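Each chain, written out:
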Amino acid sequence: MVSIRSAIAALVLTGGWVEVRADTNADAFAAHQAATRTFAADLRQVFHWSFPPKHVESLGHISYQAPDFLAIVLTNPAPELVLVRGDDLYIKRDKKALARYKLGVHNGKPTQNVQFLLSFFQNGCTNFAGLFDAQVTQTNDAQTVTLIPKHVLQMLPLRSVDNVISWPSMDVRAMRIGLILDSYITYEFTNPRRNQPLDAAVFEVPKR
């Protein structure tokens with residue numbers, strides 16, 4: 001295991017691990033993410049819970065606008081909205097009433113899993129670096145950064161976060177949030193569009 005900072009450095013270096021330029025390249029990757037003013041993509045979300053058994057695959061769209069707006073709009077098999085506006089989280093599932101929550105950090109841990117996704121667009125998750133060790137695996141056109149909690153009990157039900165990064169664009173391709181009992185949530189992104197204008201309406205809070 002290595003630090004998140006060293007793992008992120010590996011994402012922007014060719015040919016494996018290079019220690020000398022770790023700080024510079026980690027900063028470059030964080031800067032790339034910070035320079036993402038908008039991001040939009042088609043989305044496939046998988047929610048798998050082992051007990052009680054539940055497995056749902058959903059299709060939709062994701063939109064991000066810096067610094068802290070995120071909208072996940074699912075349309076198939078059932079309509080669902082997950083909307084982040086600053087410290088406010090709104091969730092609307094099918095015919096259920098709109099729910100509102102406050103996002104925060106408790107004992108260094110985000111109170112909602114969606115904060116990891118938001119943080120990845122903001123700065124590559126480096127603001128949660130103290131919580132994890134990290135390891136990197138590489139394929140021909142992507143690298144996977146796996147984040148493992150340093151203190152497992154503190155982070156329950158979270159067990160791991162896998163981030164798949166396209167190379168050399170450094171855009172996020174997928175994220176998998178591993179949970180207890182082999183449960184997980186995955187987000188897979190296709191047709192990404194970075195730093196292009198977005199319709200402001202996508203971030204509007206729906207009427208209750």
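Please read these numbers as outputs of a predicted model, since none were measured by experiment.

Criteria and cut-off values
- Residues numbered from 1 in each chain as written.
- Predicted model: local features only at pLDDT ≥ 70, side-chain atom pairs only at ≥ 80, totals over all residues.
- Heavy atoms only, no water.
- Core = buried A, V, L, I, M, F, W, Y, C linked by side-chain atoms within 4.5 Å.
- Buried < 20%, exposed > 50% of the residue type's maximum accessible area, 1.4 Å probe, protein only.
- Helix = DSSP H or I, 4+ residues; strand = E, 2+ residues; numbered from the N terminus.
- Contact = heavy atoms within 4.5 Å.
- Phe/Tyr/Trp six-rings, centres within 6.5 Å; stacked < 30°, edge-to-face > 60°.
- Pairing = 2+ DSSP bridges.

(A) Layout of the nonpolar core. With 40 residues, the main nonpolar core has Ile62, Leu70, Leu117 and Tyr187 as its most contacted residues. Top contributing element to this core by residue count: helix H3 (residues 114–123), with 6 residues. When near neighbours in sequence (up to four residues on either side) are disregarded, Leu117 contacts Ile62, Leu70, Ile72, Met175, Tyr187 and Phe189. Ranked by size, the runner-up nonpolar core spans 6 residues in total, among them Ala71, Leu81, Leu98 and Phe203.

(B) Molecular detail of unusual backbone geometry. Residue Pro52 is bonded to the preceding Phe51 through a cis peptide linkage, with omega at -5 degrees. Position of Pro52 relative to the elements: it lies in the loop between strand S2 (38–49) and strand S3 (54–65). Backbone torsion omega between Leu156 and Pro157 reads 10 degrees, so that peptide bond is classified as cis. For Pro157, the location among the structural elements is in the loop between helix H4 (152–155) and strand S12 (158–166). One non-glycine residue with positive phi stands out, namely Leu181, at about 60 degrees. As for its position among the elements, Leu181 is in the loop between strand S13 (172–179) and strand S14 (184–194). Despite not being glycine, Asn195 has its phi angle at roughly 55 degrees, a positive value. Its place among the elements puts Asn195 in the segment after S14. Asn195 sits in the partly exposed class, given a relative accessible area of 37%.

(C) Structural detail: the packing of aromatic side chains. One pass over the full model with this rule turns up 6 aromatic pairs. Seen in terms of ring centroids, Phe69 and Phe203 are 5.6 Å apart; in terms of plane orientation they differ by 50 degrees. Their pairing is tilted. Highlighted residues: Phe69 in strand S4 (residues 69–76) and Phe203 in the segment after S14, separated in sequence by 134 residues. With relative accessibility at 2%, the residue Phe203 sits in the buried group. When the centroid spacing of 5.8 Å and the interplanar angle of 70 degrees are considered together, the rings of Phe116 and Phe132 count as edge-to-face. Highlighted residues: Phe116 in helix H3 and Phe132 in strand S10 (residues 132–138), separated in sequence by 16 residues.

(D) How the structure looks around the pairing of S3. As paired elements, S2 and S3 share 12 bridges and run antiparallel to each other. Opposite His48, over in S3, you have His55 as the bridge partner. Once S2 ends, the chain turns through 4 residues before running back antiparallel as S3. Examined bridge by bridge, S3 and S4 share 7 bridges and lie antiparallel to one another. Bridge pairing links Leu59 to Asn76 in S4. Two successive antiparallel strands, S3 and S4, enclose a turn made up of 3 residues.

Any functional reading would require information that these geometric values do not contain.
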